[in-house]
Amino acid sequence: MTDSAEDTAAPAPHPASQDGGYPGARLRLLQDPASRGPDRRAALARLTDDWLAALLTAASAASGVPGAALVAVGGYGRGELSPRSDLDLLLLHDGRAGPAAVAALADHLWYPVWDLGIDLDHSVRTPAQARKAARDDLKVQLGLLDARHIAGDPALTAALRTTAYADWRESAPKRLPELHDLWRERADRQGELQYLVEPDLKDARGGLRDATALRAVAASWLADAPRDGLEAARTRLLDTRDALHLVTGRATDRLALQEQDQVAAALGVLDADTLLRQTYEAARTISYATDVTWREAGRVLRARSVRPLLRGLLSGSRTAGRGERSPLADGVVELDGEAVLARTARPERDPALILRAAAAAAQAGLPLSLHAVRRCAAAGAALPVPWPAEAREQLVTLLGAGAPTVPVWESLEAEGIVTRLLPDWERVRCRPQRNAVHTWTVDRHLVETAVRAAALTRRVHRPDLLLVAALLHDIGKGWPGDHSVAGETIARDTATRLGFDSHDTAVIATLVRHHLLLIETATRRDLDDPDTLTAVATAVGSTGTLELLHALTEADALATGPAAWSAWRGGLVADLVRRVAAQLAGEPAAESGTDAPTAEQERLAVEAARTGEPVLALHPRADPPAATPQDATAAPEPVGVELLIAVPDRPGVLAAATGVLALHRLTVRAADLRAIDPVGEGHVLLLSWRVAAAYGSLPQAARLRADLVRALDGSLDIPARLAERERAYARRSRALLAPPPRVTAVPGSSRTATVIEVRAHDTHGLLHRIGCALDAAGVRVRSAHVSTLGADAVDTVYVTHEDGSPLTETEAAALADSVERALR
């Protein structure tokens with residue numbers, strides 16, 4: 001009777017997997033609180049080596065295969081084994097044994113690993129086959145650079161390592177561009193680790209795979225990475241990944257939000273924000289070293305005059321004449337596509353040189369050479385306080401260069417120069433922003449805002465104040481309390497340090513203090529209320545400051561993320577600025593509530609009064625493109641429709657209308673409500689909505705009207721329909737831990753109405769629930785203003801008593817409390 005294929009393919013597990021030998025020792029090592037970090041990774045690798053060596057000894061005796069070696073590659077080859085890392089193994093043999101014997105040897109090795117549930121990346125090759133696989137596959141070649149002997153014939157492993165390094169150095173001029181392309185593709189796909197709220201510790205730009213690639217470039221002998229802090233940064237990411245593996249029990253590299261607190265605790269870190277900040281710092285070190293290394297590799301390859309394809313190694317690089325120096329500024333020249341210090345430069349005697357070099361590099365679109373930055377940093381020449389005019393002007397020039405400012409600024413940050421120049425920068429450096437609207441960390445957001453502001457400098461009379469305010473507008477986020485209030489003090493101190501006079505310092509401080517004023521007022525307040533305009537005009541003080549604040553508002557929003565700015569928001573802000581400018585110039589403002597209805601609104605109101613039924617109209621509309629240089633030729637932005645509803649005034653109109661809009665999945669962007677008496681026979685409520693379809697096409701007006709009629713007569717149960725949809729949505733989506741809603745009465749915002757502000761997660765039917773709560777309270781809604789940022793909504797309603805008088809302070813607080821309870 002012959003054995004089946006299954007019987008021969010699955011040898012009995014090694015005793016170590018049965019008696020608790022290796023598994024037990026591995027578990028004890030991972031649970032030992034005194035063992036962590038590099039020591040634990042090395043100990044786990046040694047423990048695994050011993051186990052696999054015993055497996056190979058037993059397997060070799062059973063299979064009778066001479067001349068074999070077990071080789072670790074990849075991370076395991078480097079002797080760094082994380083708790084849930086897979087094992088990268090190469091079974092190397094000299095080719096003398098037959099295929100069946102070699103297969104049997106491999107089975108005796110691989111199956112015990114699989115039996116323990118350990119992920120395995122394995123291959124079986126002769127030295128010649130391994131060499132050919134490396135020539136055909138770059139990833140195989142990189143893995144062999146970390147080859148490490150575990151057991152068997154050490155001569156096989158030594159020969160393989162020797163040939164692997166020799167082949168890599170010979171082929172590096174051809175393969176480095178391929179490696180660079182893989183790096184760039186991966187970075188584009190995974191994003192930048194230093195800015196991601198849920199970063200991939202391995203594959204994102206600045207992650208562990210980048211650190212491994214730097215080792216490969218160094219092994220080519222063509223270029224080497226800056227060593228300072230690099231190993232510590234890599235160790236930090238490895239330690240974080242170890243903790244992530246232990247917390248989740250999975251082989252994951254993504255630091256998800258729900259695990260960050262546990263990972264921080266496992267690492268002994270204060271909290272999740274501190275964990276993210278340390279992770280970002282490590283990623284920046286690796287990312288900066290990567291940029292410098294690829295730049296140096298590109299320079300070396302160009303110097304060797306290799307194929308023209310290799311000249312594209314670094315996209316956008318400039319190829320100056322080899323060895324030729326072109327002047328850029330006093331003490332700064334261009335050499336081989338970089339801004340470097342001139343031979344006559346003396347940074348120890350010229351404290352403004354580093355700013356001059358940075359400004360010249362950014363204006364020329366060049367990287368600032370590592371040697372130049374480090375030489376200036378080592379010189380230690382400190383600027384006097386206040387700064388001389390030249391230093392201040394060079395900083396403004398750097399900030400005004402646009403997109404090229406970012407890599408130059410990052411090079412200054414990498415060597416600690418930014419915090420030396422601006423000490424308050426340390427509190428915002430690498431500080432995470434746990435908000436889905438924000439794309440960047442606080443410090444990068446500040447630089448991005450300056451980049452955006454650089455495109456708006458032709459719109460303002462003082463570009464220097466705009467650029468400095470853009471750099472400082474969120475500087476208070478490193479301090480407790482309202483960041484705008486804290487930022488005003490810091491901005492005043494910093495502006496004084498930079499050498500601005502008292503007037504300019506006051507303007508910068510005002511811009512920082514009120515950098516959210518325009519966008520919040522335009523999207524959440526009634527612009528027809530004179531008190532709204534007066535409050536803004538009082539805070540701003542002058543038309544010049546208003547002009548600067550308008551540009552800063554746009555730059556800030558554009559640098560925040562796509563959800564923070566649109567042509568619609570830009571239009572609201574521009575309208576507010578126009579009205580406030582008129583008030584500052586002494587022009588009379590229109591009184592609130594005196595705007596006459598349009599002809600169409602009056603026609604709809606008359607029809608509603610005559611029939612006693614709701615009447616509505618839909619008008620598609622589009623906004624003009626945002627007035628920024630980069631999209632000045634863009635097509636108008638579609639923003640949905642204008643929906644006009646006229647209905648005889650009765651209780652429950654607001655709740656019914658908002659409920660119908662929610663049922664048809666219409667997103668409300670703005671709303672205005674007023675009561676008019678078109679024929680002298682009773683009030684008609686006129687609702688003007690700005691709506692857009694959440695997805696799909698816009699509904700027909702007839703369907704909206706029919707549902708509104710049913711909602712008003714009670715035959716359409718809107719709360720039940722919305723609740724049913726909420727339940728269906730909850731079944732299809734994962735649980736979301738959103739903060740509870742908060743409803744407040746905003747005192748002093750209007751003399752003619754009471755302002756109620758609702759901050760909540762933007763769920764289906766939110767406006768309908770607000771409308772129901774207001775109807776239940778018996779108040780009259782004069783106008784509503786809706787603002788949505790990502791998953792968060794800020795809705796503001798102006799309410800009065802039925803006679804049009806505002807609520808008392810006590811009544812307003814009670815109303816806010818009742819609306820909040822209804823939303824909870």
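Residues numbered from 1 in each chain as written. Predicted model: local features only at pLDDT ≥ 70, side-chain atom pairs only at ≥ 80, totals over all residues. Heavy atoms only, no water.

> Which residues make up the overall build of the protein, and what values go with them?
From N to C terminus, the protein includes 31 helices and 15 strands. Residue pairs at least 24 apart in sequence account for 70% of intrachain contacts in the protein once pairs closer than 6 positions are excluded. For the protein, the exposed area adds up to about 36,500 Å²; of that, 52% sits on carbon and sulfur atoms. (Helix = DSSP H or I, 4+ residues; strand = E, 2+ residues; numbered from the N terminus. Contact = heavy atoms within 4.5 Å. Areas by Shrake-Rupley, 256 points an atom, 1.4 Å probe, with all protein chains shown as cover.)

> Tell me about the packing of aromatic side chains, and name the residues and values.
For the coordinates displayed, the defined rule picks out five aromatic pairs. Ring centres of Trp-183 and Trp-294 lie 6.3 Å apart, and the angle between their planes is 35°; on these two criteria the pair is classed as tilted. Placement of Trp-183 in helix α8 (residues 154-190) and of Trp-294 in helix α12 (residues 272-303) is noted, with a sequence separation of 111 residues between them. Given a relative accessible area of 11%, Trp-183 falls into the buried group. Its end group placed over the ring of Trp-479, Arg-427 keeps NZ or CZ at 3.6 Å from the ring centre. One residue, Arg-444, lies across the ring of Trp-440, its end atom 4.1 Å from the ring centre. (Phe/Tyr/Trp six-rings, centres within 6.5 Å; stacked < 30°, edge-to-face > 60°. Buried < 20%, exposed > 50% of the residue type's maximum accessible area, 1.4 Å probe, protein only. Lys NZ or Arg CZ within 6 Å of the ring centre and 35° of its normal.)

> Hey, could you go over the sheet that holds strand β7 (residues 338-341) for me, with residue numbers and the actual values?
Overall, antiparallel pairing links the three strands, which are arranged β5-β6-β7 in an open sheet. On the outer flanks of this sheet lie β5 (325-329) and β7, each paired with one strand and no other. Averaged over all pairs of adjacent strands, the angle between their axes in this sheet comes to 40°, without regard to strand direction. Here β5 pairs with strand β6 (residues 332-335) via four bridges, running antiparallel. Within β6, the residue paired with Arg-325 across the bridge is Leu-335. (Pairing = 2+ DSSP bridges. Axes fitted to C-alpha atoms, helices over the stretch in contact; angles between N-to-C directions.)

> How would you summarise the packing of helix α18 (residues 442-454) against helix α24 (residues 543-560) if you had to cite specific residues and measurements?
Packing of α18 against α24 brings their axes to within 8 Å, and their N-to-C directions diverge by 125°. By the angle class used here, α18 and α24 are oblique. Here the hand of the crossing between α18 and α24 comes out right-handed. Judged by residue contacts, His-445, Glu-448, Thr-449, Arg-452 and Ala-453 of α18 engage Leu-552, Ala-555, Asp-556, Leu-558, Ala-559 and Thr-560 from α24. (Parallel < 35°, antiparallel > 145°, perpendicular 65-115°, else oblique. Left-handed = near helix turned anticlockwise from the far one by under 90°.)

> Account for helix α25 (residues 567-584), naming residues and giving values.
The end-to-end C-alpha distance of α25 is 25 Å, a good match for the 26 Å that 18 residues give at a rise of 1.5 Å each. Within α25, burial applies to Ala-567, Trp-568, Arg-569, Gly-570, Val-573, Asp-575, Leu-576, Val-577, Val-580 and Ala-582. (Expected span 1.5 Å × (residues − 1).)

> An account of the pattern of salt bridges is requested, with residue identities and associated values reported.
On inspection of all chains with the given rule, the structure shows 50 salt bridges. A salt bridge links Arg-215 to Asp-146; the nearest nitrogen and oxygen atoms lie 3.1 Å apart. Residue Arg-215 is found in helix α9 (residues 208-219), and its partner Asp-146 is found in the loop between α7 (138-144) and β4 (148-152); the two are separated by 69 residues along the sequence. Classification of Arg-215 by relative accessible area gives partly exposed; the value is 38%. Judged by relative accessible area, Asp-146 falls into the buried class, the value being 9%. Between Glu-520 and Arg-524 there is a salt bridge; the shortest N-O distance is 3.7 Å. You can see Glu-520 and its partner Arg-524 sitting in helix α22 (residues 517-524), four residues apart, about one turn around the helix. (Salt bridge = Lys/Arg side-chain N within 4 Å of Asp/Glu carboxyl O.)

> Could you give an account of empty space enclosed by the protein, naming the residues involved and the relevant values?
Enumeration according to the criterion identifies seven cavities of 30 Å³ or more in this entry. As a volume, the largest cavity reaches approximately 60 Å³. Where the lining of the largest cavity is concerned, the elements lending two or more residues are α16 (405-414) and α18. It is α16 that contributes the most residues to the lining of the largest cavity, four residues altogether. (1 Å grid on protein atoms, 1.4 Å probe; cavity = no way out; pocket = protein on both sides within 12 Å on 5 of 7 lines; lining within 4 Å. Points joined across faces, edges and corners; volume = space filled by probe spheres on them.)

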